[in-house]
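# Coordinates in review
The chain contents come next:
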Amino acid sequence: MKTQLITPGALALCLTATSAVAQDRTLTISVYSFAQDAYKEALYDPFEEICNCELVIETGNSVERMAKIEANAADPVIDMAVISSHDALALAQKGLLAQIDTASLGNFDKLYPAAQDPLGNGMAVGYTFYASSIVYRSDLVTIDSWGDLFSDEVAGRVALPNITGTQGPLTLMMLNKALDQDPSDFGPTIDAIGEKADDIVTFYSRSSELAQLMLQEEVIAAPVGRFAWSRFQGTPFPFAWADPAEGQAGGMNVMIMTKDNGNEELALEFMDYWLSTEVQTRVAEARIDSPANMEVTVSDEIAEALTYGGDLIKSLTILPPEEIIEKRDGWVEQWNRSVIQ
């Protein structure tokens, strides 16, 4: 039996072919723009080492990212995305999402029940919960209510989220509660914001934009999602997280797959890795996102920075995704008329 010698040239060709196979395993994901360096260390780099693949990361705000998914529906350029539950529902209703094969997710049963099928149609899986409250400068002002965002103490130094952002509807809901308005009608609250528009520094679209304004001392109070709280901790200023009388709003960010992207197997592999106890713990300890995996255990110090634990999650006031979808166009129309003049 002859043994065929492998020449250096043939070996190089073999290695090149192996490298090409690895490069062919490419997953394009669309994510929020915050904490990307931390995500790279805690999630992206470790996954690439395990999967022998390449992650292509695209960032932007929700409106931009949803528009890209819709514009490329016939030939998806995004394989998998993380987004708010109501934005995911909007994409699902347009037929742009693939149903997630949860049987392929080994970590699925470790999720809080609310995260397992948050849209009720199998099109999404929750990976993080978040509380929403008010971050403020405790040396300059006291915040005891969502209604304090309209107080003279913060006039000219307060920011609110844009109505089209993730925090927009949640802030409307809690301001509506503070103003003792009809829970089913945010109209009067939008008008009230319009009346105070001159006292509001900006209607921000990104948490990074707000953080910069607060670190520049142009803004001293603003609604913020807990996932962005780490931006304010450890700074030279005494920022505090409010515990308003009306409670904290809450929401969930979810994982989705685009329909007919052709990369479903790798997308599911990445989803399952992200949902694992190991990764969810690592992400939580880095104070990037709060865990949806029930097995995650963190110290009291870390927990204080997160939306952590079943009791806290149950206490949040959550605006149903279907209500946001049903009423958002009307809110935006009134917002443009009353606030953006």
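The sections below set out a description of the structure shown in this document. Just so we're clear, the structure is a prediction, and the values are computed from it rather than from any experiment. All residue numbers refer to positions counted from 1 along the written sequence of the respective chain. With the structure being a predicted model, the display of local features is reserved for residues of pLDDT at least 70 and the display and counting of side-chain atom pairs for 80 or more, all residues being used for whole-chain, interface and lining totals. Water and hydrogen atoms play no part in the side-chain values, which are based on all heavy atoms of the structure.

Moving on: helix 7 (residues 187-195). Relative accessibility under 20% of the residue-type maximum defines a buried residue, over 50% an exposed one, and the middle range a partly exposed one, all with a 1.4 Å probe and only protein chains included. Numbering of helices and strands starts at the N terminus; helices are DSSP runs of H or I of at least 4 residues and strands are runs of E of at least 2. Among the residues of helix 7, those classed as buried are G187, T189, I190, A192, I193 and G194. By definition, residues are in contact when any of their heavy atoms lie within 4.5 Å. Where helix 7 is buried, its residues contact strand 5 (158-161), helix 6 (167-178), strand 6 (200-204) and helix 13 (321-338).

Attention shifts here to the packing of helix 6 against helix 7. Interaxial distance between helix 6 and helix 7 falls to 9 Å at its minimum, and their mutual angle equals 95°. The angle between helix 6 and helix 7 falls in the class roughly perpendicular. Residues L172, L175 and N176 of helix 6 pack against T189, I190 and I193 of helix 7. Only the stretch in contact is used when a helix axis is fitted, and all axes are lines through C-alpha atoms; the angle between N-to-C directions ranges over 0 to 180 degrees. In what follows, roughly perpendicular refers to angles from 65 to 115 degrees, roughly parallel to angles under 35, roughly antiparallel to angles over 145, and oblique to any angle outside these ranges.

Another aspect to go through is the state of the cysteines. Cysteine sulfurs are considered disulfide-paired once they come within 2.5 Å of each other. For the structure on display, the rule yields one disulfide. The disulfide partner of C51 is C53, and the gap between their sulfur atoms is 1.7 Å. Disulfide C51-C53: the torsion about the S-S bond is -80°, which places it as left-handed. In this pair, the class of C51 matches that of C53, namely buried.

Within the element layout of this structure, Q116 appears in helix 5 (residues 113-116). Separated by 73 residues in the primary sequence, Q116 and L43 have C-alpha atoms spaced 21 Å apart. Beyond its immediate chain neighbours, meaning those up to four positions away, Q116 contacts F108, D109, L111, A124 and V125. A polar contact is formed between the side chain of Q116 and the backbone oxygen of L111, at a distance of 3.2 Å. In the analysis that follows, any N or O atom pair within 3.5 Å is treated as a polar contact, provided that within protein one partner can donate a hydrogen and the other can accept it, and provided that, for residues neighboring in sequence, both atoms belong to side chains.

Moving on, we get to the nonpolar core. Ranked by internal contacts, the top residues of the largest apolar core, which has 111 residues, are M80, I193, I256, F270 and W274. Domain delimitation follows an automatic or database domain assignment. Split by domain, the residues of this core number at least three in each of domain 1 (2-129 + 251-318) and domain 2 (130-250 + 319-340). When sequence neighbours within four positions are dropped, the list of residues in contact with F270 reads L27, I29, L43, Y44, F47, L55 and M80. The set of buried Ala, Val, Leu, Ile, Met, Phe, Trp, Tyr and Cys residues whose side-chain atoms join them within 4.5 Å is what this entry labels a nonpolar core. Ranked by size, the runner-up nonpolar core spans six residues in total, among them V296, V298, I302 and A303.

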